[in-house]
Every structure is written in structure tokens, then in C-alpha cells.
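As a plain string of letters, each chain reads:
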Amino acid sequence: MPSPSSTTTADPAASAAPCLPEDVRRVACVGAGVIGGGWAAHFLARGYDVTAWDPAPDAAVRLRRLIAAAWPALEQLGLADGASQDRLTVTTTLEEAVAEAQFVQESAPEKLDLKRDLLARLDAAAPAGTVIASSTSGYPMTDMQTEAADPGRLVVGHPFNPPYLIPLVEVVGGERTAPAAVDWASRFYAVAGKSVITMDREVPGFIANRLQEALWREALHMVASGEATVAEIDASITEGPGLRWAVMGPMLTFALAGGEGGMAHMLDHFGPSLKSPWTRLEAPELDRALYDAVVAGCEEAADGRSIADLVAERDRGVIDVLRATGRLPRSAEEATR
């Protein structure tokens, strides 16, 4: 496993985690939207007891509905011994949710002031030393841990949506995060069935989101300029490079484009095209015309399928890809061998 950042400075107030990652039995999920609910579903499927809290008045109903919708996919992925939706407890207060937690996953909306306040509240309420991770998709932990009394135990644990299905989680600390907390969180996520990238420095947007955002911006430019439709853009990925990316990433994929000469030959041959005006990384103005075109294009592409239908279709497809590429057993029987 990669080591934590050499530039991360441990905070003197940081305390040791109260248990080993392998010994965690109770996880708290604070924030129960799409990301927080996805995390709760994942942890339940891995056999943990989960306490959850969200300030929305209908949070419990929405969370249980989200988990129920995710459960068929989780059954295909393979449930851990003892996994059950009944091991979820939705509490009425944040303090109750984290009172006995051995790990805390925060998944509040992306508002910096909210994150700062919430992480400080979690730090005050969670057992001493318990690692607290944020699902933030863009903020560096250095900017979020400013109000916590013990910032040493605060880390970023950035998932890829949906957390119950996509293996990736990116872990990185802030300037005041203890290196031991980064190590502990990385190990815990691995034990909990995630594929972990432990980043050695803070990068705005982390790794996967920055790559995804570059593609997203170019797609918006193409829609805005009338160069491609929503359906054409999606098909260009699912029927093109997306198939290769499911097996290996863009760097190795491009290395293969160089034939026996590998990446060196590819760069010699195609390097000059980097100066060609193929991409426009500055985001286009999201005016009403572009907004309407993207929304309408997605509705047309859905072709009458509901969001629930699309979620189920996506989940089945990702599971098929994971099995086809050898990252999942092909059957429950194979999983026990």
C-alpha cells in the first residue's frame, strides 16, 4: 500500500485509533443522500453494523429505499457473512449516530462552511481517536479541518458513485492529518472491500474526478456548439474507449497505440497532436440553451426509462464488466472456492 504524504504534518492533538481496521464492527454514516446512502449500503453488505444520521425529516425512509434498491446488485457482488439491511439504525441526532462508531464516513453536501462545521461537530462527538473520513468530491482536507479540535484524525475518503458498486476510494490527508490516520483509513477501506488509492499529496478534485471533469467539459462544449448530441457523446465512450478503459487505464491504453515501441513510440508519433485544437478545457458557459439541450438529450436517451430503471441497468452492466474482466467471481459458487 502506498505510504502517506511525506508533506503531511501530524497534529499534536491526534490520538491513536481505538481499534485495528480489521476489528471494526460499527460504522457511522453521516449524510444519507446518494453518496452517504451508497456508503451505508456498502458497509451493510460487508457485514458491518451501520448507524446513520441525516437532518432531512424523511431521511430514514429515503435511506432505506435507497438501500433496498441497491441490495439486488450487492447480492450479485456477494454479501459478507451476517450482512443484513436489518443492521441499519437511523438515529435522530448526529451525536447518537457516532457515539459508538469505530469509523465515521461523512457525506454532507459540498459546501465548505458546512463541511468545516460538521467535521468539527463529528470530532467533538465521536470516540477519541476514531478516524473520520469525508466523501468530499473536491475540497482538500486542509481547508475542511480548520475548526476541529483533533484534526489529526480527519482524512478524505473520496468514493466514486455509487459507493456500493464502484470499488475506487481515494484517500488523502490534510496538512494537520496524522500519517497514521491516513494509513489506518486506507487499510480499513481495503478490508471493507474497496480498491484504494492512497494519494501522497492533496490535489483539487483528486485524481478520478479531474480526469472525469476534463471529459465532461469537452462533452458540454460539443453539445453547446452543436458538434455532437448527448446520445452520440455517450455512445462514443460506451462503444469506444470505455471498453478499453474497463480493462486498463488511459495511459496503458495509449502505450498500446505505440505498438511494440510502446509509449515512447506513441509519444514520438502522436505527441505533436497535443498542440492540435482538439480540446477546450475551460468550461463552457452553462447558459439556459446548453442547460436545456443537455437535460432534453438525457431525457431522450432514457427513452421512457425511470431513474430507478437506469440505476438497475447501470448496476447490472457494471457487475457484468467486473465479472468479464476477472474482478468478480462469475457465480456465488465460485466466490466460495
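Since this is a predicted model, take the numbers as computed values, not measurements.

## Considerations on the overall build of the chain
(1) Moving on: Broken down by element type, the chain carries 14 helices and 8 strands.
(2) Moving on: Taken over C-alpha atoms, the radius of gyration comes to 21 Å for the chain, in line with the 20 Å a tight globule of 337 residues would show.
(3) Moving on: Its C-alpha atoms give the chain principal-axis dimensions of roughly 55 × 50 × 45 Å.
(4) Moving on: The contacts in the chain between residues at least 6 apart in sequence include a share of 72% that link residues at least 24 apart.
(5) Moving on: Surface accessibility of the chain: about 17700 Å² in total, with carbon and sulfur atoms responsible for 57%.
(6) Moving on: Considering the chain, the positive charge centre built from 29 side chains and the negative charge centre built from 46 side chains are found 3 Å apart.

## Overview of unusual backbone geometry
(1) Moving on: In this model, Asn-161 is joined to Pro-162 through a cis peptide bond whose omega is 0°.
(2) Moving on: Along the polypeptide, Pro-162 turns up in the loop between β6 (154-159) and β7 (168-173).
(3) Moving on: Backbone geometry at Phe-206 places phi at a positive 65°, although glycine is not the residue there.
(4) Moving on: Here Phe-206 shows up in the loop between β8 (195-198) and α7 (208-224).
(5) Moving on: According to the relative accessible area criterion, Phe-206 is buried, its value standing at 2%.
(6) Moving on: Even without being glycine, Asp-303 reaches a positive phi, approximately 50°.
(7) Moving on: With respect to the helices and strands, the residue Asp-303 is situated in the loop between α12 (288-302) and α13 (307-324).

## Focus on the UniProt feature "binding site: NAD(+)" (unreviewed entry) in the chain
(1) Moving on: The positions that UniProt labels "binding site: NAD(+)" (unreviewed entry) are, in the present scheme, Gly-31, Ala-32, Gly-33, Val-34, Ile-35 and Gly-36.
(2) Moving on: Here Ile-35 lies in helix α1 (residues 34-45).
(3) Moving on: Ignoring anything within four residues of it in the chain, the contact list for Ile-35 reads Ser-107, Ser-135, Pro-159, Asn-161 and Pro-163.
(4) Moving on: Within the secondary structure, Gly-36 sits in helix α1.
(5) Moving on: A relative accessible area of 2% means that Gly-36 is categorised as buried.

## Examining the pattern of salt bridges
Opposite charge on two side chains permits them to pair, given that their charged atoms come into close proximity.
(1) Moving on: For the coordinates displayed, the defined rule picks out 14 salt bridges.
(2) Moving on: Between Arg-62 and Asp-58 there is a salt bridge whose closest N-O contact spans 3.1 Å.
(3) Moving on: Owing to a relative accessible area of 28%, Arg-62 belongs among the partly exposed residues under this scheme.
(4) Moving on: Close ionic contact of Asp-150 with Arg-153 constitutes a salt bridge, the shortest N to O distance being 3.8 Å. Grouping residues by exposure puts Asp-150 and Arg-153 together as buried.
(5) Moving on: Salt bridges sharing partners connect three or more residues here, namely Glu-106, Glu-110 and Lys-115.

## A short note on α12
(1) Moving on: The end-to-end C-alpha distance of α12 is 21 Å, a good match for the 21 Å that 15 residues give at a rise of 1.5 Å each.
(2) Moving on: Turning to α12, its buried residues are Leu-290, Val-294, Gly-297 and Ala-302. Looking straight down α12, one finds that the buried residues subtend no more than 135° of arc, so they occupy a single side. Exposed side chains of α12 directed beyond 90 degrees from the buried face belong to Arg-288, Ala-289, Glu-299 and Glu-300.
(3) Moving on: Looking at the buried positions of α12, the neighbouring elements they touch are α7, α8 (230-238) and α13.
(4) Moving on: Residue Asp-303 follows α12 closely and has a positive phi angle near 50°.

## Looking at the side chain of Thr-142
(1) Moving on: Within the secondary structure, Thr-142 sits in helix α5 (residues 141-144).
(2) Moving on: A distance of 2.5 Å separates polar atoms of two side chains, one belonging to Thr-142 and the other to Glu-202.
(3) Moving on: Excluding anything up to four places from it in sequence, Thr-142 contacts Gly-174, Glu-175 and Glu-202.

How each quantity is defined
Residues numbered from 1 in each chain as written. Predicted model: local features only at pLDDT ≥ 70, side-chain atom pairs only at ≥ 80, totals over all residues. Heavy atoms only, no water. Helix = DSSP H or I, 4+ residues; strand = E, 2+ residues; numbered from the N terminus. Rg over C-alpha atoms; globule rule 2.2 N^0.38 Å. Contact = heavy atoms within 4.5 Å. Areas by Shrake-Rupley, 256 points an atom, 1.4 Å probe, with all protein chains shown as cover. Lys, Arg positive; Asp, Glu negative; His and termini not counted. Charge placed at Lys NZ, Arg CZ, Asp CG, Glu CD. Buried < 20%, exposed > 50% of the residue type's maximum accessible area, 1.4 Å probe, protein only. UniProt positions renumbered as here; feature names shortened; annotations may be inferred. Salt bridge = Lys/Arg side-chain N within 4 Å of Asp/Glu carboxyl O. Expected span 1.5 Å × (residues − 1). Arc of directions from axis to C-beta. Polar contact = N/O pair within 3.5 Å; in protein donor to acceptor, adjacent residues only side chain to side chain.

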